[in-house]
Amino acid sequence: MKIIASASLMVGLLLPGFCSGANLEQVATLHWYDSADSKVDIAVDGSPSGVAFDGVHMWVTTSTNKVIKIRAADGQTISSTAVGNGPRGLAFDGVSMWVANKSDNTVT
């Protein structure tokens with residue numbers, strides 16, 4: 001038996017018929033929609049490699065060992081912060097933004 005970490009799917013497994021017709025292999029579906037806004041390109045210092053969203057700002061890691069904080073509403077750069085070498089992944093825990101630095105084997 002395959003264990004699936006989703007409350008609604010687990011209920012469907014425990015209560016047959018609850019999720020009739022559901023694809024138990026599908027965890028999520030992304031829905032794309034047209035926006036009234038036009039496309040916006042935002043230049044950053046260096047090559048971007050990681051991105052995260054905290055509900056207000058986009059955070060982008062770059063090849064210049066920085067994290068760029070960008071206001072999502074208008075694309076304005078808010079700050080540029082030096083981090084460890086080779087920043088790649090970003091994660092937001094509800095309070096802080098965490099950066100995985102590949103070349104240093106550190107988290108900032």
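All residue numbers here refer to positions counted from 1 along the written sequence of the relevant chain. Confidence filtering applies because this is a predicted model: local features only for residues at pLDDT of at least 70, side-chain atom pairs given and counted only at 80 or more, and all residues used for totals across whole chains, interfaces and linings. The basis for every side-chain value is the complete set of non-hydrogen atoms in the structure, without hydrogens or water.

Strand pairing is defined by DSSP finding a minimum of two bridges between the two strands. In this description a helix means any DSSP run of H or I spanning at least four residues, a strand means any run of E spanning at least two, and both kinds are numbered starting from the N terminus. What the 3 strands build is an open sheet, ordered E5-E6-E7; its pairing is antiparallel. If you trace the sheet from one side to the other, it starts and ends with strand E5 (87-92) and strand E7 (106-107), each paired once. Looking at chain direction, E5 and strand E6 (residues 97-101) are connected through 4 bridges and run antiparallel. The residue bridging Leu90 from the neighbouring strand is Val99, located in E6.

Trans peptide bonds make up most of the peptide bonds, and negative phi angles are found at most residues other than glycine. The phi dihedral of Asn65 falls on the positive side, at around 60 degrees, and the residue is not glycine. Its place among the elements puts Asn65 in the loop between strand E2 (57-62) and strand E3 (66-71). Using a relative accessible area of 23% as the deciding quantity, one classes Asn65 as partly exposed. The residue Asn105 is not glycine, and still its phi comes out positive at about 55 degrees. Here Asn105 lies in the loop between E6 and E7. The buried label goes to any residue with under 20% of its type's maximum accessible area, the exposed label to any with over 50%, and the partly exposed label to all in between, with areas taken from a 1.4 Å probe on protein chains only.

Following the sequence through the fold, Thr61 ends up in strand E2. Assessed through its relative accessible area of 0%, Thr61 is described here as buried. Each polar contact in these results corresponds to two N or O atoms within 3.5 Å; when the atoms are within protein, one needs to be able to donate a hydrogen and the other to accept it, and residues that are neighboring in sequence are counted only if both atoms are side-chain atoms. A polar contact is formed between the side chain of Thr61 and the backbone oxygen of Arg88, at a distance of 3.2 Å. Discounting chain neighbours no more than four positions away, the residues touching Thr61 are Ser47, Pro48, Ser49, Gly50, Lys66, Val67, Pro87, Arg88, Leu90 and Val99. Whether two residues are in contact is decided by their heavy atoms: any pair within 4.5 Å suffices.

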